[in-house]
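Take a look at the letters that make up each chain.
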Amino acid sequence: MASLIAGPGGEAVAGGEKKVLLASPRAFCAGVERAIQTVERVLECTAGPVYVRKQIVHNTVVVADLQARGAIFIDELDEIPDPAPPGTVVVFSAHGVSPKVRAAADQRGLQVVDATCPLVAKVHAEAARFAARGDTVVLIGHRGHEESEGTLGVAPQSTVLVQTTTDVATLNIPADAQVSYLTQTTLAVDETTTVIDALRRRFPQLGEPPSDDICYATTNRQRAVRSIVDECDVLLVIGSQNSSNSQSLVGIAQRRDTPAYLIDGPDDINPDWLTGATTIGVTAGASAPPGMVALVVDALRAHGPLIVSERSVATETARFILPQQVRTP
Ligand code: SF4
């Protein structure tokens, strides 16, 4: 496989050459690496069947790989035979689960390994704290997304979900209520700011989380895309359709009138997208394997010579320790 970066600047594009601009940071975040490694360790150490509730991370390539290695992906715990075969383990995905799901697993005596990202767990803790002090909690997130479902389940009587400023306008909450907001970790920062501003206008005393809920990895990948997108004729975002943070990267480009496409890998590239494009931006969502970037760049080389350069806006050093049951001593 050819080296990704052909030269330091890549500024000049010789006749017929296309330029590929890689956004950095991109691909796996610390929470996704931890979740995948958790399933790998459970598969290594467990004699019984290994169930994973929901996709461990929202990436079809990752899921297919773990499936091939023995993981059984299920939507709900009732898909696990009752009684469960000896040695059965169920892994909760990086997106987190509601207390109701934990209680159902406890009730059945299932052995659970929880791969919920610590940054999602932080939002759950905030939801519990806000609800306990009597707030109405407005969660900004995507309806039906696993992370939102899990957070909504922390304090279901006190929490409402909004997606847009229109949802804010139609919220059925008295003006004098004590209201706080939280957000899903993978939203587009610019869109979310608009929704928070609308909430502040309706509820001037709005309570907020002590630090941003949109996580460092989501924020960095969006900043990186913003740093290249105006120079790109087209942006390829590596990630799966159900990946919220990857969809956010596509949205940033599209709101700046740069055509952007979500692809799982090189096979999804439509050559028509590249027609007339001189500069092709490439990035990958937090749930997409970093190795897929090299495969996409190699596929682009099939369309002619490339000059590849990278624009980095941050260095990521975050690492999360593994769940206690799969830690090596
Ligand atoms: S995108 Fe953020 S919240 Fe989600 S798994 Fe990665 S680090 Fe955790």
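Residues numbered from 1 in each chain as written. Predicted model: local features only at pLDDT ≥ 70, side-chain atom pairs only at ≥ 80, totals over all residues. Heavy atoms only, no water.

Looking at an unreviewed UniProt entry, one finds the protein named 4-hydroxy-3-methylbut-2-enyl diphosphate reductase and attributed to Mycobacterium simulans. As recorded by UniProt, the Sequence similarities (unreviewed entry) comment attached to the protein reads in full: "Belongs to the IspH family." Checking UniProt for the protein, the heading Function (unreviewed entry) contains the comment "Catalyzes the conversion of 1-hydroxy-2-methyl-2-(E)-butenyl 4-diphosphate (HMBPP) into a mixture of isopentenyl diphosphate (IPP) and dimethylallyl diphosphate (DMAPP). Acts in the terminal step of the DOXP/MEP pathway for isoprenoid precursor biosynthesis." (UniProt positions renumbered as here; feature names shortened; annotations may be inferred.)

Trainee: How should the UniProt feature "binding site: (2E)-4-hydroxy-3-methylbut-2-enyl diphosphate" (unreviewed entry) in the protein be read in this particular structure?
Mentor: Those residues carrying the UniProt feature "binding site: (2E)-4-hydroxy-3-methylbut-2-enyl diphosphate" (unreviewed entry) are His58, His95, His145, Thr185, Ser243, Ser244, Asn245 and Ser287 in this numbering. Those annotated residues that line the largest cavity are His58, His95, His145, Thr185, Ser243, Ser244, Asn245 and Ser287. Excluding its chain neighbours within four sequence positions, the residues that come into contact with His58 are His95, His145, Glu146, Ser240, Asn242, Ser243 and Ser287. A polar contact of 3.2 Å, which involves the side chain of His58, links it to the side chain of Glu146. Positionally, Ser243 belongs in the loop between strand 9 (234-238) and helix 9 (244-255). Classification of Ser243 as buried rests on a relative accessible area of 1%. With near-sequence residues (within four places) excluded, Ser243 lies in contact with His58 and Ser287. (1 Å grid on protein atoms, 1.4 Å probe; cavity = no way out; pocket = protein on both sides within 12 Å on 5 of 7 lines; lining within 4 Å. Contact = heavy atoms within 4.5 Å. Polar contact = N/O pair within 3.5 Å; in protein donor to acceptor, adjacent residues only side chain to side chain. Helix = DSSP H or I, 4+ residues; strand = E, 2+ residues; numbered from the N terminus. Buried < 20%, exposed > 50% of the residue type's maximum accessible area, 1.4 Å probe, protein only.)

Trainee: Just checking my understanding: could you explain the sheet that holds strand 8 (residues 179-183) for this structure?
Mentor: The pairing of strands in a sheet comes from backbone hydrogen bonds and takes either a parallel or an antiparallel form. The strand order 7-6-8 describes an open sheet built from three strands, whose pairing is parallel. In this open sheet, the two strands that pair with only one neighbour each are strand 7 (159-162) and strand 8. Looking at each pair of strands side by side, their axes are set apart by 30° on average, direction ignored. In the packing of helix 4 (residues 118-132) onto the sheet, contacts are made with strand 6 (136-140) and strand 8, and the angle to strand 8 comes to roughly 170°. On the sheet, helix 7 (residues 189-202) packs against strand 6, strand 7 and strand 8 and is oriented at approximately 155° with respect to strand 6. (Pairing = 2+ DSSP bridges. Axes fitted to C-alpha atoms, helices over the stretch in contact; angles between N-to-C directions.)

Trainee: Which parts of the structure should I look at to understand the UniProt feature "binding site: [4Fe-4S] cluster" (unreviewed entry) in the protein?
Mentor: Under the local residue numbering, the UniProt record ascribes the feature "binding site: [4Fe-4S] cluster" (unreviewed entry) to Cys29, Cys117 and Cys215. For this annotated set, covering 187 residues, all C-alpha atoms fall within 10.5 Å of each other, a compact arrangement in space. Annotated residues from the preceding list that form part of the lining of the largest cavity: these are Cys29, Cys117 and Cys215. Residue position: Cys29 is located in the loop between strand 1 (18-24) and helix 1 (30-45). Beyond its immediate chain neighbours, meaning those up to four positions away, Cys29 contacts Tyr216, Ala217, Arg221 and Ala286. Looking at where Cys215 falls in the secondary structure, it is placed in the loop between helix 7 and helix 8 (216-229).

Trainee: What exactly am I supposed to notice about the sheet that holds strand 1 here?
Mentor: The sheet built from five strands is open, its strands ordered 10-9-11-1-12 with parallel pairing. Looking at strand neighbours, the two that pair on one side only are strand 10 (260-263) and strand 12 (306-312), the edges of this open sheet. Along the sheet, successive strands turn relative to each other by an average axial angle of 25°, direction set aside. With seven bridges joining them, strand 1 and strand 12 adopt parallel strand pairing. In the strand pairing of strand 12, Ser24 is matched with Ser312. Across the sheet, helix 8 is in contact with strand 1, strand 9, strand 11 (279-284) and strand 12; its angle to strand 1 comes to roughly 150°. Sheet strands touched by helix 9: strand 9, strand 10 and strand 11. Its angle to strand 10, the strand with the most contacts, is close to 165°.

Trainee: Is there a simple way to think about the nonpolar core in this case?
Mentor: Grouped burial of nonpolar side chains is what soluble globular proteins tend to show. Core analysis: the largest hydrophobic core is formed by 27 residues, its most contacted members being Val39, Ile56, Val57 and Val91. Broken down by element, the residue count for this core peaks at six residues, all from helix 1. For this core, the domains that each give at least three residues are domain 1 (18-28 + 216-312) and domain 2 (30-116). Dropping the residues within four chain positions of it, Ile56 is found in contact with Ala35, Val39, Val62, Val63, Leu66, Phe73, Val91, Phe92, Ser93, Ala94, His95 and Ala115. Residues Leu236, Ile269, Val282 and Leu306 belong to the second largest nonpolar core, which totals 22 residues. (Core = buried A, V, L, I, M, F, W, Y, C linked by side-chain atoms within 4.5 Å. Domains from an automatic or database assignment.)

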